[in-house]
Amino acid sequence: MSFRFHDSLTREVRTFEPAEPGVVRMYNCGPTVYSHVHVGNLRSNVCWDVLRRALELGGYRVRQIMNITDVGHLTVDDVADAAGEDKMEFAARREQLDAWGIAAKYTAYFHDVRRKLNVRDAEQYPHATAHIPEMIAHIEELIRSGHAYVTPVGNVYFAVSTFPAYGRLSGNTVEELDAGARIEVLEEKRDPADFALWKRDDKHQMQWDSPWGRGFPGWHIECSAMARKYLGDTLDIHTGGEDNAFPHHECEIAQSEALTGRTFARFWLHTRFLLVDGQKMSKSKGTMYVVEDVEARGFAPRVLRYYLLSAHYRAPMNFTWDALTAATESVRGFDAMVRRVTPDAVAPNDPAVAVACAKADKDFLAALEDDLNISAALAAVHELRGAMNKVSAFSPADAARAWGTIDRIDSVLGLGLRDAAKPQDLGDADVQRLIDERNAARKARDFARADQIRKDLLAKGIVLEDTPQGVKWRRV
Ligand code: AMP
Ligand code: ZN
């Protein structure tokens, strides 16, 4: 058996073999750090974390690189005129910081929340602003080879007509793109579908010297330059959200393949959006949730993680509080299972344990190998749970065997099941004491302390809910 993935470029599920045996080079398009990473962004993060962990369970070493977009992302992508304001500068104006301050603040926040969701560290998180020389070198090479041109004002564009495969990933044709392009950009660009590699702008807050004057890079070029620097000319897997396919990934392919003459990515994986009321999670519509909103409703980060990974990455997912309640039940079920698996020195071996564990190991990995069929993978865990519940006591050998399987499963799910199995060190009386302390802190308007107590309890698996009848609590 080996992995099979859906490749968005060929639009088919194909058998996956990395170019170098045993090593997977994976590049994930990361966040634009101009605002709080929301639960929708986290769906992508959790999804690629599960992919990486599944590949590791399958025996591969995964070299995972995720970029941090801290410059050059226009609010109206690829529009050459001044109306396309940079997202970072837009945020800087909003928050009365500068663009560098915005980037630092939201990069730190991104790492905080992904760690909360137990998303493993990638090998590197290269920042676009730290790779300007690599981007300039890439652009110079494209100009030299006739794939890019400099306009009289000093902007540089990629000439899509020089790359016949442009449009293959997204299914767009250059003619369609031309027809949809804005009239005012026609003058500067040779072809309306051409996209910016460098923007001359000495008023931009983040600006660098370049052979074309002071300015800043376009958004797409960062990924081509950084992917090449860290992983080489050809990636095994390139991922992104469904919105990244066009224009971002289409442009990355053109820039990279025009330069190297090699296939840029052997597999393109795109995750569908997390929706709210059937629409993309959106700040302006008031339907954007961050992890803190989810926690404030009494859901632990591991429940959110479980919820986000529980749907297939190529299926849209609708965010509802009911779905999080259901995820809580599932996580509690797993916790109940693992708490039962404790060795009993006098219990005899039960052959059913070995059978159930072998089946769960096999079915779980086989499901993941099948284009990350997470429903089938979770069904294998539920089946294991059913079998474990029938075991009245675990011999030490059976408990060790069961834990081997649980550890392998949790190496992918990342739910911290080992911690969940530890005896709770807080008794009911301890919890009540801390709730009383929190109530007193709130009365004294010491909200920082009150919030800290809530967080500490959550970290120990105790969820507080503020209800009209007072504070209620439960174990996660
Ligand atoms: P951005 O910060 O907007 O560049 O997004 C970072 C990553 O999150 C990109 O790969 C997006 O495709 C992905 N993303 C953004 N919104 C959503 C959403 N609602 N659901 C899933 N993924 C998303
Ligand atoms: Zn990218």
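Provided above is the structure to which this section pertains.
Anyway, here's the lowdown on the structure attached to this text. (Residues numbered from 1 in each chain as written. Chains lettered and ligands numbered in written order. Predicted model: local features only at pLDDT ≥ 70, side-chain atom pairs only at ≥ 80, totals over all residues. Heavy atoms only, no water.)

### Thoughts on the overall build of the chain
Then, in step 1: Within the chain, the regular secondary structure consists of 16 helices and 15 strands.
Then, in step 2: Along the first, second and third principal axes, the C-alpha atoms of the chain reach 80 × 60 × 35 Å.
Then, in step 3: The buried share among the 476 residues of the chain stands at 54%.
Then, in step 4: Carbon and sulfur atoms provide 51% of the accessible area of the chain, an area that totals close to 20,400 Å².
Then, in step 5: The average position of the 61 basic charges and that of the 69 acidic charges among the side chains of the chain differ by 5 Å. (Helix = DSSP H or I, 4+ residues; strand = E, 2+ residues; numbered from the N terminus. Buried < 20%, exposed > 50% of the residue type's maximum accessible area, 1.4 Å probe, protein only. Areas by Shrake-Rupley, 256 points an atom, 1.4 Å probe, with all protein chains shown as cover. Lys, Arg positive; Asp, Glu negative; His and termini not counted. Charge placed at Lys NZ, Arg CZ, Asp CG, Glu CD.)

### Quick look at the pairing of strand β15 (residues 470-475)
Then, in step 1: Relative to β15, strand β14 (residues 462-467) runs antiparallel, the two sharing six bridges. By the bridge assignment, V463 is partnered in β15 with R474.
Then, in step 2: Hairpin geometry of β14 and β15 is characterised by an intervening segment of two residues between the two adjacent antiparallel strands. (Pairing = 2+ DSSP bridges.)

### Digging into the sheet that holds strand β9 (residues 235-241)
Then, in step 1: The sheet built from four strands is open, its strands ordered β4-β3-β9-β10 with parallel pairing. Each end of this open sheet is capped by a strand with a single partner; those strands are β4 (61-66) and β10 (265-271). On average, adjacent strands in this sheet sit at an angle of 20° to one another, irrespective of strand direction.
Then, in step 2: Pairing of β9 with β10 involves six bridges; the strand directions are parallel. Across the sheet, the residue bridging to H238 is W268, located in β10.
Then, in step 3: On top of the sheet, helix α1 (residues 39-57) reaches β3 (23-28), β4, β9 and β10; it is set at about 135° to β10, its chief contact. (Axes fitted to C-alpha atoms, helices over the stretch in contact; angles between N-to-C directions. Contact = heavy atoms within 4.5 Å.)

### Things to note about the side chain of T271
Then, in step 1: Along the polypeptide, T271 turns up in strand β10.
Then, in step 2: The class of T271 is buried, set by a relative accessible area of 1%.

### Regarding the coordination of the zinc ion (ligand 2)
Then, in step 1: Looking at the metal site, the zinc ion (ligand 2) is ligated by C29 (SG), C223 (SG) and H248 (NE2), spaced 2.0 to 2.2 Å from it.
Then, in step 2: Read in sequence order, the donor residues coordinating the zinc ion (ligand 2) give the pattern C-x193-C-x24-H. You can see C29 sitting in the loop between β3 and α1 and its partner C223 sitting in helix α6 (residues 219-231), a full 194 residues away along the chain. The same class applies to C29 and to C223, which are both buried. (Donors = N, O, S within 2.8 Å, 3.2 Å for Na, K, Ca; no water.)

### Section: the sheet that holds strand β11 (residues 274-276)
Two orientations exist for strands paired in a sheet by backbone hydrogen bonds: parallel and antiparallel.
Then, in step 1: Within the open sheet, the three strands sit side by side as β12-β11-β13. Their pairing is mixed. Unpaired on one side and paired on the other, β12 (279-280) and β13 (317-318) mark the two borders of the sheet.
Then, in step 2: Note: β11 against β13, two bridges, orientation parallel. By the bridge assignment for β13, L275 is matched with N318.

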